[in-house]
Amino acid sequence: MSPVLLNLLAGPTSPELADIARAFVRECDAEGVVIFLSDGDELRVGAAIPRLPATEAALRVPVGRGVSGLVAQNGHAVRLGSDRPRSAAYRELLGLAEGETVARMCLPARGMNGQILGVVAAHRQTDRPFTDLDVTRLQPLVDLLGLRLHAQRLMDAVDEHGSDRDRLIAKAISAQETERRRIAFDLHDGVTTALASMAFHLSAAELSLSARVHEAVLSEDLAEAQAQIASARRLADLAYNQTRAAITGLHSLVLDDLGLVAAIESLAQTVPEVTVEFLADDASLFVDVPDHAAAALFRIAQESLGNAVKHAQAQRVVLSLRRVGDAVILGTADDGVGFDLRETLENRAGERDDGSQVGHLGLSSIVERAALIGASLRIETMPGRGTTVLVELPLPGPGAATTRR
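Residues numbered from 1 in each chain as written. Predicted model: local features only at pLDDT ≥ 70, side-chain atom pairs only at ≥ 80, totals over all residues. Heavy atoms only, no water.

A. Region of the structure containing the packing of aromatic side chains. In total, this model carries one aromatic pair according to the counting rule given. A cation over an aromatic ring shows up here: Arg-124 above the ring of Phe-130, its NZ or CZ 4.0 Å from the ring centre. (Phe/Tyr/Trp six-rings, centres within 6.5 Å; stacked < 30°, edge-to-face > 60°. Lys NZ or Arg CZ within 6 Å of the ring centre and 35° of its normal.)

Right under this line is the structure:
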């Protein structure tokens, strides 16, 4: 038994089917080998030696028809001393001229539970027919190939499910951002406009009343009315400012128009009561970050800064966005009060009697958003020592990258 073929079939690497077919040619002392792959309905060529790419692509063998098709259907090896396939494409692949025949051996490649995943078909001159010993010796190797094909199918299924999951997550995040955008625009066009108009009319009423309050007989009553109007105007201004802040929190127009770096920089400039130092690599290094991932990173930065202000009581935050190889790293480090991470995570995992979670300190959103986009999350903190949050997002290779608009 060839150690080369055994290493290809049982080794830790993932060899090309063409290399396996070439090793089978040597092991069978054959003139050529065709490795068919089965989907249960038909066989297609996975690899062939000698190579004829156009013919390989065209050849299809229905399961149950022809020698290879029967082997794929019943799982029994077949050897023929002299044969001439009916398919013209198959004859071309075997290099048969008009009237020529070959000796053939077709072995089923069996995966788990005996499922036939392919057929290895070897051929050589009729004066050297294959023997029962050849079948007995080679069938275990072909079954190893079957197990490798089975493992590859499982890996492909995992990749497919992963791709489906990624697409669903991208759609979900995009839908969420679209809804946030709609609500933000509705607030901007409706509530903020009404509040601005209200504040304007209240200011006008206050000025008009102020001009006449000293002339009126009921000056005390008018003064009280003036004070109430001034109070209402201040409340209208406050509501307007809070609504504007809510709109900014709901959706970032900067993210849409200028990209991730500009959006996070704009976010850093609008955080109240804390000094934020923003460090970022050039924006051109982030153009391949998918839209949904950029939105998630922006939300994580937003939540991290919110935690630093609301919970950490920080005075200074360093916010960074870096590109390291095929990964984007978002970091937030504050000089706040810190917390006991283990205790917080234990509390977060627990629930109150009413079913609500406790002690999450804003971590839930960060954890969930990082998990959704497949990013790793590291949190370093302790009481009195501040908090550092690092999110590392791996990006697909150049051929699979999704470019932002």
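B. Region of interest: the packing of helix H10 (residues 291-310) against helix H12 (residues 363-372). One way to put it is that H10 packs onto H12 with a least axis distance of 9 Å and a crossing angle of 160 degrees. Taken together, H10 and H12 sit at an angle that is classed as roughly antiparallel. Two packed elements cross with a definite hand, and for H10 against H12 that hand is left-handed. Contact with H10, carried on its side by Ala-296, Arg-299, Ile-300, Glu-303, Ser-304 and Asn-307, involves Leu-363, Ser-365, Ile-366, Arg-369 and Ala-370 of H12 and no other residues of that element. Among the residues making up the contact of H10 with H12, the classes are represented as five nonpolar, three polar and three charged. (Axes fitted to C-alpha atoms, helices over the stretch in contact; angles between N-to-C directions. Helix = DSSP H or I, 4+ residues; strand = E, 2+ residues; numbered from the N terminus. Parallel < 35°, antiparallel > 145°, perpendicular 65-115°, else oblique. Left-handed = near helix turned anticlockwise from the far one by under 90°. Contact = heavy atoms within 4.5 Å. Nonpolar A, V, L, I, M, F, W, Y, C, P; charged D, E, K, R; others polar.)

C. Summary view of the pattern of salt bridges. Going through the model one piece at a time under the given rule, you end up with 15 salt bridges. Measuring nitrogen to oxygen at the nearest pair gives 3.3 Å for the salt bridge that ties Glu-42 to Arg-60. With a gap of 18 residues between them, Glu-42 in strand S2 (residues 42-49) and Arg-60 in strand S3 (residues 60-62) connect regions that are remote in the sequence. Ionic pairing is found between Arg-378 and Glu-380, a salt bridge with its closest N-O pair at 3.0 Å. (Salt bridge = Lys/Arg side-chain N within 4 Å of Asp/Glu carboxyl O.)

D. Broad picture of the environment of Gly-325. Checked against the element boundaries, Gly-325 lands in the loop between strand S8 (316-324) and strand S9 (327-334). We classify Gly-325 as exposed; its relative accessible area is 57%. Taking C-alpha positions, Gly-325 is 9.0 Å from Pro-394, a pair spaced 69 residues apart along the chain. (Buried < 20%, exposed > 50% of the residue type's maximum accessible area, 1.4 Å probe, protein only.)

E. Structural view of the packing of helix H1 (residues 3-10) against helix H2 (residues 17-28). Packing of H1 against H2 leaves a shortest axis separation of 9 Å and a crossing angle of 150 degrees. Taken together, the axes of H1 and H2 are roughly antiparallel relative to one another. Crossing handedness for the pair H1 and H2: left-handed. Along the contact surface, H1 presents Val-4, Leu-5, Leu-8 and Leu-9, while H2 presents Asp-19, Ile-20, Ala-23, Phe-24, Arg-26 and Glu-27. Residue composition of the contact of H1 with H2, by class: seven nonpolar, no polar and three charged.

F. Quick peek at the nonpolar core. In this structure, Ile-264, Leu-319, Leu-321, Leu-330 and Leu-393 are the most contacted members of the largest nonpolar core, which totals 43 residues. Of all elements in the fold, only helix H6 (132-212), helix H9 (260-269), strand S7 (275-280), H10, S8, S9, H12 and strand S11 (387-394) reach the threshold of two or more residues within this core. No other element matches the 10 residues that H10 contributes to this core. Setting aside chain neighbours within four positions, we find Leu-321 in contact with Leu-260, Val-261, Ile-264, Phe-278, Leu-279, Ala-280, Asp-281, Phe-286, Val-328, Ile-329 and Leu-330. Formed by 29 residues, the second largest nonpolar core is a distinct cluster that contains Leu-5, Ala-21, Val-33 and Leu-117. (Core = buried A, V, L, I, M, F, W, Y, C linked by side-chain atoms within 4.5 Å.)

G. View of the sheet that holds S8. Here five strands make up an open sheet; going across it, the order is S7-S8-S9-S11-S10 and the pairing mixed. Of all strands in the sheet, those with a lone pairing partner are S7 and strand S10 (376-381), marking the two edges. If you compare each strand with its neighbour and ignore which way they point, the axes differ by 10 degrees on average. Across six bridges, the pairing between S10 and S11 is antiparallel. Looking at the pairing, Thr-381 lines up with Thr-387 of S11. Helix-sheet contacts for H9 involve S7, S8 and S9, and the interaxial angle to S7 is about 165 degrees. (Pairing = 2+ DSSP bridges.)

H. Layout of the sheet that holds strand S1 (residues 32-38). Pairing is antiparallel in the open sheet, where six strands are placed in the order S3-S2-S1-S6-S5-S4. Of all the strands in the sheet, just S3 and strand S4 (78-83) have a single pairing partner and so form its edges. The mean angle between the axes of side-by-side strands here comes to 25 degrees, regardless of whether they run parallel or antiparallel. Sheet analysis places S1 next to strand S6 (residues 116-124), joined by six bridges and oriented antiparallel. Bridge pairing in S6 links Phe-36 to Val-119. Each of S1, S2, S3, S4, strand S5 (102-110) and S6 touches helix H4 (residues 66-74); the most contacted strand, S5, lies at about 25 degrees to it.

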